[in-house]
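What follows is the residue order along each chain.
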Amino acid sequence: MAPSKGRRQPPSAEELEERNTVGINKETVTNTTSTDYPGNYPDEEHAWDKEYFRQNFKVQWHQNEQFEAQFSLIGVDASIANAFRRILIAEIPSLAIETVYVNNNTSVIQDEVLAHRLGLIPFTGSKKGIREYMTFWRKPGEGEDSYATTFDNNTVSLKLAAKCTHRKDAPKDSRDPHELYENAHVYARDITFEPLGGQPKYFSGDDAIRPVNPDILIAKLRPGQEIDIDMHMHKGFGWDHAKYSPVATASYRLMPTIRITAPILGADAEKFAACFMPGVIALEPVTRQEARALGSGYEGHEGEMKAVVKDPMRDTVSREALRHPEFEGKVKLGRRRDHFIFSIESAGQWDSDELFLEAVRILKKKAGALRPQVTNMVYAF
Amino acid sequence: MAGKTRARAAEAEEVDQADITMEDAPPSAQKPGYSQEEGSAMQEDEGEENDVAGEEEEEEEEEEEEEEPQRVRILPGSTETAASFEFLKEGHTLGNALRYIIMKNPGVEFCAYTIPHPSEDKMNLRIQTYDTTTATAALAKGLQDIEDLCDVVADEFWTQRDKFNAAQNK
């Protein structure tokens, strides 16, 4: 530990702000690593403390819909936020088409391409059924029957059968395939779910296994062409294949900070506002008090428009403001190191807010599973 | 499957005998007779699935948990206060989170993690401590701290979600 040379003053608010800001300059990014570790600053603790963390940790919600959630986690380190993000993408199980049995496919789309397209279609169904009833399928071992491990609680059976024919009642001069042919387009809604064994108990009515979006185009057919396919869905993880990822995207960005250090007035202010996303910078008239305050830089500018930071969260941190010489030394850009704006888009099997909670649960389970193993470890020394 | 694994282990031990002059190999070298294939990904999945399903039958869940293969080991060359651990089937997700939380322990002098090779599903963690604690204790505390952190995050997250939803519905 660092040698203590008598008590030092606790860090000032500015110093804490400085430590908590990643500097964004014209060509460089500074102050990127966290320093909140014991022994890093003399006379400062920084040890892990659950209660201290509880007091400082905050969640702010911005949007919460079934397929999109946005919220801020404030007061965590990047390593923790990133663990949650990684778990969201790759370690939450979901159900997807894994095996495609092609009985007949005379369409122009090749079997393997069709199989790949089918795998990527997101499906949904009873949450309880998918999470609690459905379990993981195991590949049968050598010598085992190929269906020895296939049961109603680990496999969902689907069928897709479509045959394209001429429509007798089609208008004579029509060139629209929808009018001319029956089944010219095969959509995700044409996939039928075939309940097995105990599945009807969970997956019936509104809870049936179905594509999240019924309008996904799978293949196009012409008269005489036919698709006849059976499919098996299994549970899997995003680390195995992206089709098993329960999210469309799960990402975070750091909260941008914009500090105007010297007055930006009049036409400059308008130009300044145009350097940022709409709504980030607002223009306000200089008040009488500001104009009276000596050394503020506003003296004699009462009523002129000045640039003020209104909503830094909207900013994309394009650094455009740093390219113009008139703003040099007047603005400081940065990002708050411990403020993560998460954005989670669910693919449909889970609600977006549930997904994050599940990610937290999985991280806890990971640590919980390893802890007894550390105690039971064989010591090699 | 089990027979196969045993055969593989035996084969590896033979290699160990032949390779006896390699004693000076660095501590990160793979230990022979330690099959990575022990318990395929699918088998591990089965264990996890039982966690969810087993809520009704506690006994069965415990049985399954005992069967989970040992995924942590201490690497040769380690001492009480300076040890390297090897985790199987873990990556940056746990590695970096664990590194952060262990570095937060005042008894720890140094902590870092690495993934020695991208095609091996392994994560190595190095911990060096002061005399006040041991590397293994610091690791166990780190894992416990992560669990505590997850509790706090989950609590606050869901409370704020409920508040937000209530405010939206007004």
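For every chain, the first residue of the written sequence is number 1, and numbering continues from 1 along that sequence. For naming, the first written chain is A and the first written ligand is 1, with later ones following in the order written. With pLDDT at 70 or above as the cut-off, local features in this predicted model cover only qualifying residues; side-chain atom pairs require 80 or more to be listed or tallied, and sums for whole chains, interfaces and linings still use all residues. Only hydrogens and water are removed before side-chain values are computed, so all heavy atoms of the structure are retained for them.

A. Looking closely at the overall build of chain A. Helix and strand definitions follow DSSP, with helices as H or I runs of at least four residues and strands as E runs of at least two, each counted in order from the N terminus. When helices and strands are tallied, chain A shows nine helices and 18 strands. Restricting the calculation to C-alpha atoms gives the radius of gyration, and the globule rule supplies 2.2 Å times the number of residues raised to the power 0.38. For chain A, the C-alpha radius of gyration of 29 Å lies well beyond 21 Å, the compact-globule estimate for 381 residues. For chain A, the spread of C-alpha atoms along the three principal axes comes to 85 × 75 × 35 Å. The 381 residues of chain A split such that 44% are buried. When checking whether two residues touch, look at their non-hydrogen atoms; a contact exists if any pair is within 4.5 Å. Sequence-distant contacts in chain A: of pairs separated by 6 or more residues, those separated by 24 or more amount to 76%. Residue exposure ignores everything except the shown protein chains as possible cover, and the areas themselves are Shrake-Rupley values with a 1.4 Å probe. For chain A, the accessible area works out to roughly 19,800 Å², and carbon and sulfur atoms hold 50% of it. For the charge count, each Lys or Arg is scored as positive and each Asp or Glu as negative, with His and the chain ends excluded. Note on charges: their place is set at NZ of Lys, CZ of Arg, CG of Asp or CD of Glu. Between the averaged position of the 49 positive side-chain charges in chain A and that of its 55 negative side-chain charges there is a distance of 2 Å. Burial here depends on accessible area, computed with a 1.4 Å probe over protein chains only, as a share of the maximum for the residue type. Under 20% is buried, over 50% is exposed, and the range in between is partly exposed.

B. Summary view of the side chain of K243(A). All names here are of chain A. Locating K243 in the fold gives a position in the loop between β14 (226-236) and β15 (247-260). Judged by relative accessible area, K243 falls into the buried class, the value being 16%. Within the structure, the side chain of K243 is placed 2.9 Å from the backbone oxygen of I97, a separation counted as a polar contact. With residues near it in sequence (within four places) discarded, K243 still touches S94, A96, I97, E98, G119 and L120. Nitrogen and oxygen atoms within 3.5 Å of one another constitute a polar contact, given that in protein one can donate a hydrogen and the other can accept it, and given that sequence-neighbouring residues count only through two side-chain atoms.

C. Spotlight on the interface of chain B and chain A. At the interface, 60 residues of chain B touch 59 residues of chain A. For the pair chain B and chain A, the summed buried surface comes to about 5,700 Å²; carbon and sulfur atoms form 69% of the total. One speaks of a salt bridge when a side-chain nitrogen belonging to Lys or Arg is within 4 Å of a carboxyl oxygen belonging to Asp or Glu. Put simply, chain B and chain A have six salt bridges between them. In this structure, the salt-bridge partner of D151(B) is K364(A), at a minimum N-O distance of 2.9 Å. Viewed at the interface, chain A and chain B are joined by 17 residue pairs in polar contact (both at pLDDT 80 or more). Among the secondary structure elements, those contributing two or more residues to the side of chain B that touches chain A are α2 (41-53), β1 (72-74), β2 (82-88), α4 (92-103) and α5 (135-168) of chain B. Considering every element that reaches the side of chain B that touches chain A, the biggest residue donor is α5(B), with 24 residues. In terms of residue class, the side of chain B that touches chain A is made up of 28 nonpolar, 11 polar and 21 charged. Throughout, the accessible surface (probe 1.4 Å) given up by two parts as they are put together, summed over both, is called the buried area. Residue type decides the class: Asp, Glu, Lys and Arg count as charged, Ala, Val, Leu, Ile, Met, Phe, Trp, Tyr, Cys and Pro as nonpolar, and the leftover types, Gly among them, as polar.

D. Expanded view of the sheet that holds strand β5 (residues 94-105) of chain A. All names here are of chain A. Pairing between strands is defined by DSSP: at least two bridges between the two strands are required. Taken in spatial order, the four strands of this open sheet run β5-β14-β7-β11, and their pairing is antiparallel. Of all strands in the sheet, those with a lone pairing partner are β5 and β11 (192-194), marking the two edges. Direction aside, neighbouring strands of the sheet carry axes that sit 30 degrees apart on average. Two strands pair when backbone bridges link them, and β5 and β14 are joined in this way by 10 bridges, in the antiparallel orientation. Of the residues in β14, the one forming a bridge with N104 is D228. Axis geometry follows a simple rule: fit a line to the C-alpha atoms, using only the stretch in contact for helices, then measure angles between N-to-C directions, giving values from 0 to 180 degrees. Sheet strands in contact with helix α4 (residues 111-119) are β5, β7 (156-163) and β14, and its direction is about 150 degrees off that of β5.

E. Molecular detail of the pairing of β14(A). All names here are of chain A. Of all the 11 residues making up β14, nine are buried; the element is thus mostly covered by neighbouring parts of the structure. Direction of pairing for β7 relative to β14: antiparallel, over a ladder of eight bridges. Its bridge partner lying in β14, S157 is registered against H232.

F. Quick peek at the pattern of salt bridges. With the rule as written, the count across this model stands at 33 salt bridges over all chains. For K366(A), the salt bridge is made with E90(B), and the minimal N-O distance between the two is 2.8 Å. Here E90(B) lies in the loop between β2 and α4 and K366(A) lies in helix α9 (residues 352-375), a pairing that spans two chains. You can call K366(A) buried: its relative accessible area is 13%.

G. Looking closely at the domain arrangement of chain A. How far each domain reaches was decided by an automatic or database domain assignment. Here chain A is described as being made up of domain 1 (94-245) and domain 2 (262-329). Measuring from the centre of the C-alpha atoms in domain 1 of chain A to the corresponding centre in domain 2 of chain A gives 57 Å.

H. Broad picture of the nonpolar core. By convention a nonpolar core is built from buried Ala, Val, Leu, Ile, Met, Phe, Trp, Tyr and Cys residues, the set being connected through side-chain atoms within 4.5 Å. If you look at the biggest cluster of nonpolar residues, it comprises 62 residues, and the most contacted ones within it are F84(A), F356(A), F85(B), L98(B), I127(B) and L139(B). Ranked by residue count, the leading element in this core is α5(B), at 12 residues. Residue contacts for L98(B): discarding those within four places in its chain leaves F87(B), L125(B), L139(B), G142(B), L143(B) and I146(B). Counting 32 residues, the second-largest nonpolar core is a separate cluster that includes V156(A), L160(A), C164(A) and V186(A).

I. Spotlight on the sheet that holds strand β3 (residues 108-114) of chain B. Residues and elements named next belong to chain B. In space, the four strands of this open sheet follow the order β1-β2-β4-β3, with antiparallel pairing throughout. The open sheet has two edge strands, β1 and β3, and neither has a second partner. Along the sheet, successive strands turn relative to each other by an average axial angle of 20 degrees, direction set aside. As paired strands, β3 and strand β4 (residues 122-129) are joined by six bridges and run antiparallel to one another. If you follow Y113 over to β4, its bridge partner there is L125. With respect to the sheet, α4 is in contact with β2, β3 and β4, its orientation differing from that of β3 by roughly 170 degrees.

J. The arrangement of the packing of aromatic side chains in detail. Two aromatic rings from Phe, Tyr or Trp, using only the six-membered ring of Trp, form a pair when their centres are within 6.5 Å; if the ring planes differ by under 30 degrees the pair is stacked, by over 60 it is edge-to-face, and anything between is tilted. Counted according to the given criterion, the structure contains 23 aromatic pairs over all chains. Ring centres of W61(A) and F157(B) lie 5.1 Å apart, and the angle between their planes is 45 degrees; this geometry places the pair in the tilted category. Of this pair, W61(A) sits in strand β3 (residues 58-64) while F157(B) sits in helix α5, each in a different chain. You can call W61(A) buried: its relative accessible area is 9%.

K. Layout of helix α7 (residues 266-274) of chain A. Residue and element names in this part refer to chain A. Along α7, the positions that sit buried rather than exposed are A269, F272 and A273. Axial view of α7: buried residues confined to an arc of 95 degrees, hence all on one face. With respect to the buried face of α7, the exposed residues turned more than 90 degrees away are A267, E270 and A274. Contacts from the buried residues of α7 go to β15, β16 (281-285), β17 (305-309) and β18 (331-346). Arc definition: it is the arc formed by the directions from the helix axis to the C-beta atoms.

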